[in-house]
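# Tertiary structure, described
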Amino acid sequence: PDGTVDAGTLATNSRGTVLQVVQATSTTQVTTTSASYQTTGVAASINVTSGNKVLITGVLNAVGPTAVLTGTTVAIFRGSTQIFQPAEYAGYNTHSTNHTQPIPLDYLDASAGSGDVTYTVKYKRRSGSGTARAMVDSAMSRIILTEIAG
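Residues numbered from 1 in each chain as written. Predicted model: local features only at pLDDT ≥ 70, side-chain atom pairs only at ≥ 80, totals over all residues. Heavy atoms only, no water.

## Focus on the pairing of strand β9 (residues 115-127)
Along any regular strand the residues' side chains alternate between the sheet's two faces. Let me state the cut-off plainly: Here a strand pair is declared whenever DSSP counts at least two bridges between the two strands. Strands are runs of DSSP state E lasting at least 2 residues, helices are runs of H or I lasting at least 4, and numbering of each runs from the N terminus.
Across nine bridges, strand β3 (residues 38-48) lies against β9 in antiparallel orientation. Paired with V42 across the bridge in β9 is V121. For strand β5 (residues 71-78) and β9, the ladder comprises eight bridges, and the chain directions are antiparallel. Its bridge partner lying in β9, A75 is registered against K122.

## Details of the environment of Q23
Quick note on the threshold: We call two residues in contact when some of their heavy atoms are within 4.5 Å.
Mapped onto the fold, Q23 is located in strand β1 (residues 18-26). Separated by 45 residues in sequence, Q23 and V68 place their C-alpha atoms 34 Å apart. Apart from the residues lying within four places of it in its own chain, the contact partners of Q23 are R142, I143 and I144.

## Regarding the side chain of K124
Inclusion rule: Each residue is assigned to one of three classes by its accessible area relative to the maximum for its type, calculated with a 1.4 Å probe on protein chains only: buried under 20%, partly exposed between the two thresholds, exposed over 50%. Positive charge is attributed to Lys and Arg, negative charge to Asp and Glu, and no charge count is given to His or to the chain ends. A carboxyl oxygen of Asp or Glu within 4 Å of a side-chain nitrogen of Lys or Arg is what we treat as a salt bridge.
Mapped onto the fold, K124 is located in strand β9. Buried and unpaired, K124 has no salt bridge, with E88 as the nearest side chain of opposite charge at 7.7 Å. Apart from residues no more than four positions distant in its own chain, K124 is found in contact with T32, S34, A35, S36, Y37, G71, T72, T73 and A132.

## Quick notes on the pattern of salt bridges
Inspection of the entire model under this criterion finds two salt bridges. Residue R78 is joined to D109 by a salt bridge in which the shortest nitrogen-to-oxygen separation is 2.7 Å. With R78 in strand β5 and D109 in strand β8 (residues 107-109), the pair connects residues that are 31 residues apart, well separated along the chain. Taking the shortest distance from any N to any O, the salt bridge between R126 and E88 comes out at 2.6 Å. With R126 in strand β9 and E88 in strand β6 (residues 81-90), the pair connects residues that are 38 residues apart, well separated along the chain. Judged by its relative accessible area of 38%, R126 falls in the partly exposed class. E88 sits in the partly exposed class, given a relative accessible area of 35%.

Below you can see the structure in the form of structure tokens.
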């Protein structure tokens, strides 16, 4: 032990080790007037070993409504289960219909399970009469999945 941490001193798959990284992107603008969750097209799958965690990072860009007093809710789903809601009233504005914002997608899924796991970013109109939008003007969004040894 000379204080140096290198590949020779790290145990394979030791707790906290990054095992794999998967990324997906989209630039396709989506719109909805639905109060039920709709897919944004931002999704990725990762094959997880039981007991490991998945760190989700990324951003859903250019989220905003087409009318004042309209909000957009954004959520991350593992399969069909909602696991995280980073924004409830994204883009809600009382004066402008051209207001968009990025929504960070940072979440640690400590209950990822095992096998192929798909994470999907979904959205819906939360309030108002306008249209909820994401990736306005083809703004690129991404999701990055990192498996971390448990």
